[in-house]
Structure formats: structure tokens, C-alpha cells
Amino acid sequence: MELVFVHGWGVTHTDTYAQLPQALAKLLEDEINLSIRHIHLGRYISFDDEVRLNDIAKAFDDARTELLNDKPFAVITHSTGAPIMRQWLQMFFASDRLDQCPMTHLIMLAPANHGSALAQLGKSRVGRIKSFFAGVEPGQGILDWLELGSDGQNDLNLYWQEHFSLDGPLPFVLTGEAIDGEFYDYLNSYTAETGSDGVVRVASANLNFSRLLLAETAHTCDGFDNRRISSLKLSKHSKPRQQTAFEVIKNASHSGTNKGIMGSVTVRNAKNKPVVQRIVQCLRVTNPKQYRQLSDEMSQASLIRRKPRACMLVVRVSDDTGLPVEDFDILLLSGPHFVPGEFKKGFMLDTQCNQNNKNVVTFYLDASKLAKVNEGKIGLRVDPRPNSGMCYYHSAEFHSDAEQVHQLLQADQTTMVDIILKRQISSRVFSLVPPEQEGDFAHLVEE
């Protein structure tokens with residue numbers, strides 16, 4: 001078996017994977033003849049700000065063609081390598097060609113599938129965080145993709161949700177939620193965030209996610225402030241057609257020789273490393289039945305944890321003409337009367353607005369406290385601006401059914417929410433004037 005290690009953006013040495021390649025070769029030597037290959041993306045693309053994920057995916061295709069031709073191969077990635085490989089799949093093996101893809105397994109270690117909260121800090125600061133880019137200043141184009149709620153993530157994840165199937169490569173996600181004090185940045189709390197490995201949140205790594213479409217209707221509802229406002233209806237709730245095998249590895253952090261999900265692996269300790277044992281099992285899977293069995297086993301293993309669990313809510317606000325609504329307030333509501341103040345204290349862990357896509361905000365929430373909301377009811381209120389004038393929007397609320405919180409917001413997962421508001425156009429924008437009223441109509445504009 002050809003086993004390719006795809007080194008992520010910003011990596012400058014093949015020792016990034018520590019002794020994981022050698023450990024796998026030794027453990028599998030009696031059943032699989034592994035041929036280890038390294039594709040180091042930094043050798044093909046510079047750290048230029050103009051480089052995008054598509055460019056790196058193309059660079060990978062050039063590299064693998066040169067190195068492997070069309071031979072079947074399995075891939076192990078880390079961090080940014082996962083979205084790169086998924087982008088490559090989309091670009092070169094669209095849904096109708098998945099069965100022609102030479103990649104057999106895609107094993108993603110600590111993948112930033114839904115981005116990283118660290119990406120918003122900027123090039124120089126992120127470059128100094130050793131656990132993320134190994135001290136190399138990344139290009140802005142890649143950081144823009146990694147920022148929570150980016151359009152690039154949205155497009156790639158929606159494509160995955162609609163087209164992923166077991167006809168192509170078998171995907172596995174292994175991530176951790178331990179914090180290695182060696183990499184803690186005292187000026188940035190994200191490096192010690194609950195439910196993350198110090199760089200990537202568990203919910204951000206997970207490819208089992210939901211998408212909700214909330215559309216403004218002609219109906220109204222009673223807002224928590226006693227106003228009669230527009231109602232948002234859940235018009236679509238979608239999930240990937242297939243569950244992606246996913247597991248939270250015990251005591252694993254993003255990087256480092258102490259707890260790093262791959263950096264702490266040695267040939268000597270490999271037999272006792274849960275991540276190594278799981279990778280071996282992943283590589284042994286050869287058909288959908290085996291895949292589903294292992295996926296169920298991994299899911300059960302992830303549930304045996306005492307740590308607080310979190311979830312991510314990525315809210316994107318647009319109007320019914322396709323325009324982004326960039327000025328708005330979002331309030332999360334709960335309880336039988338759908339008010340903002342009935343959540344358990346500390347339920348909100350973080351809020352981050354996307355700097356480039358100003359119509360997107362990401363909430364990071366304590367899943368265990370969300371699960372305890374009164375009567376299992378949650379809601380959402382959007383107050384957009386402008387709310388008057390020639391073209392404007394109405395405030396609107398979404399009220400869930402009882403117990404729906406368990407369906408809409410699940411621990412260790414991301415929920416993508418698209419809110420579609422109706423663009424209101426004043427009758428004064430255009431009017432027909434009878435012949436007898438011809439002349440100056442400036443006074444109509446001023447009214």
C-alpha cells in the first residue's frame with residue numbers, strides 16, 4: 001500500500017509526523033507492505049498571500065501525479081491538510097467520478113474542516129503560535145479560508161454534505177481535546193479553549209454537521225419584547241448522506257512531543273498510543289460494511305468522556321435577492337417564552353464575527369448547558385439594519401418545537417444556519433405619475 005503523508009500549509013520539515021510513519025510500517029509489516037511517501041506542499045507553493053486552497057489542491061495533484069502516477073494510495077493529513085485533500089477531491093473527482101479516485105483512505109488528524117478561531121489573529125501572530133504553523137508565517141489567502149465561517153468553508157462543506165458517499169475514499173477524522181501547556185499563549189485564550197486541542201475545536205474537526213435554512217415568512221410571532229415581528233420558518237434541515245467515522249482521541253493535543261496527536265508518537269510507544277491503533281484499524285477497512293462497523297465503534301469510544309462538550313453555531317444572514325445582510329444583531333432565545341435570559345450561566349463560550357464575510361457570526365456553546373434549556377425550546381432573533389428607508393429589513397424570530405434543541409445543536413458538532421430575510425422595498429422607490437402630475441417630483445423623495 002502506498003501511504004502518503006500530506007504535510008500541511010506552513011510545515012517545513014518531514015519530521016512533523018514524528019515517528020508515526022515508521023511506527024505504522026512496523027505494526028503493519030506482517031499484513032500490509034507499506035510504502036511511505038511524503039508530499040510536502042510548501043515545496044510546491046510559496047507562502048504568498050495570493051495562494052488559495054484551490055491552488056494548493058492543484059499543486060497536490062501535480063505532486064501526486066509525479067510521485068505516484070495513477071497508483072492507488074492512502075493519505076494521512078494533519079490540520080490544514082484535510083480541507084486541502086477534500087478540495088482536491090471536489091476539483092478532480094466530482095461526485096460522478098468518486099469511484100475513479102485513486103485515493104482509498106483519507107485519515108484526517110486534528111483537521112480544521114470548519115476552520116480555527118486562531119485564524120482571525122492575523123499572519124504574524126498566528127505564525128508565532130508554534131502549535132499551528134510551526135513558527136512559519138502563513139499566507140493571508142489560507143488564513144482567510146481558515147477563519148470561522150468563511151465562504152470557502154461554507155462552499156466546501158455544503159458540497160461534502162450533498163455529495164460524500166462511500167463510493168470513493170473512506171474518510172476518518174481523529175482529533176483531540178487536550179491542552180499542552182508548552183504551547184499556551186498567555187495573550188490568547190483560544191490556545192486553551194474548552195473542547196479544543198489548542199488550535200482546532202472538536203466541533204470544527206467533525207464532518208458530521210447539520211445545515212438549517214431559516215426563511216422569513218408572511219406570518220408573524222410575538223417577540224420577547226412584546227413586539228409583533230416576522231417569523232422565521234425552518235424550511236430545510238439537512239445532514240451528510242453518510243456518517244463520517246469520527247473519534248475524539250484521549251489526551252491528544254494539536255502538536256508537540258508531549259501530547260501531540262502525531263508528534264508524540266514514537267516506534268517504542270506506538271502500541272500503547274490510541275491514535276496509532278485506530279489508524280491501523282482505519283487502514284485495514286476495505287468496504288462500506290467494515291467502515292460502518294468501525295465508525296460506530298469510534299462514535300461509542302468518543303462518548304466515554306468526562307470533559308465538557310461544546311458545539312458550534314455558524315450563522316449566515318442574507319436576503320431573498322442573494323445579498324448579504326452585513327449589519328445585524330443576533331440573540332439566542334430559550335425557554336417556553338423564548339427570551340434571552342433563561343440559558344444556564346456560562347453557556348456562551350465564544351462569539352466571533354468573520355472579518356471578510358461580515359454577514360457571518362460563529363457562536364461557540366456549552367452543549368451540556370444547552371441540553372438543559374427549559375422545556376427543550378430554543379430560538380433565535382435577528383435584528384437587521386437598515387430597518388427603515390427605501391430598502392430595509394424586518395426583525396424576525398425562530399422558535400423551535402419542544403425538544404428540538406437535541407436535533408439542532410449536538411455536542412461535538414457544527415450547525416450551519418442560513419437565515420434568509422425578505423428585502424423590503426418602499427413604494428416610493430418607483431411610482432407611476434399620471435400625465436396631469438408631470439413636473440418636478442423631488443418632494444416625493446424628501447417625504
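Everything here concerns the structure above.
Rules of the game
Residues numbered from 1 in each chain as written. Predicted model: local features only at pLDDT ≥ 70, side-chain atom pairs only at ≥ 80, totals over all residues. Heavy atoms only, no water. Helix = DSSP H or I, 4+ residues; strand = E, 2+ residues; numbered from the N terminus. Expected span 1.5 Å × (residues − 1). Buried < 20%, exposed > 50% of the residue type's maximum accessible area, 1.4 Å probe, protein only. Phe/Tyr/Trp six-rings, centres within 6.5 Å; stacked < 30°, edge-to-face > 60°. Lys NZ or Arg CZ within 6 Å of the ring centre and 35° of its normal. Pairing = 2+ DSSP bridges. Axes fitted to C-alpha atoms, helices over the stretch in contact; angles between N-to-C directions.

### Let's talk about helix α2 (residues 53-68)
Next up, step 1: In this model α2 runs 22 Å from its N-terminal to its C-terminal C-alpha over 16 residues, within 8% of the 22 Å that 1.5 Å per residue would give.
Next up, step 2: Listed as buried for α2 are Leu53, Ile56, Ala57, Ala59, Phe60, Asp61, Ala63, Arg64 and Leu68.
Next up, step 3: Of the residues trailing α2, Asn69 is marked for its positive phi of about 60°.

### Points about the packing of aromatic side chains
Next up, step 1: Throughout the structure, instances matching the rule amount to seven aromatic pairs.
Next up, step 2: Relative to Trp88, the ring of Phe60 lies with its centre 5.1 Å away and its plane at 80°, an arrangement referred to as edge-to-face. Residue Phe60 is found in helix α2, and its partner Trp88 is found in helix α3 (residues 81-92); the two are separated by 28 residues along the sequence. Judged on exposure class, the residue Phe60 and its partner Trp88 are both buried.
Next up, step 3: Centroid distance Trp160 to Phe164: 4.7 Å. Interplanar angle 5°. Geometry classified as stacked. Accessibility classification places Trp160 together with Phe164 in one group, the buried group.
Next up, step 4: Chaining the aromatic ring pairs together yields one cluster made of Phe60, Phe73, Trp88 and Phe93.
Next up, step 5: The ring of Trp160 carries Arg86 above its face, with NZ or CZ at 5.0 Å from the centroid.
Next up, step 6: Directly above the ring of Tyr364 sits Arg201, whose terminal nitrogen or CZ lies 3.9 Å from the centroid.

### Topic: the sheet that holds strand β9 (residues 310-319)
Next up, step 1: With mixed pairing, nine strands are arranged side by side in an open sheet as β10-β13-β15-β7-β6-β16-β9-β12-β11. Of all strands in the sheet, those with a lone pairing partner are β10 (328-334) and β11 (348-353), marking the two edges. Averaged over neighbouring strand pairs, the angle between their axes works out to 25° when direction is ignored.
Next up, step 2: Bridging between strand β13 (residues 378-384) and strand β15 (residues 396-399) involves four bridges; their strand directions are antiparallel. Paired with Val382 across the two strands is Ala396, which belongs to β15.

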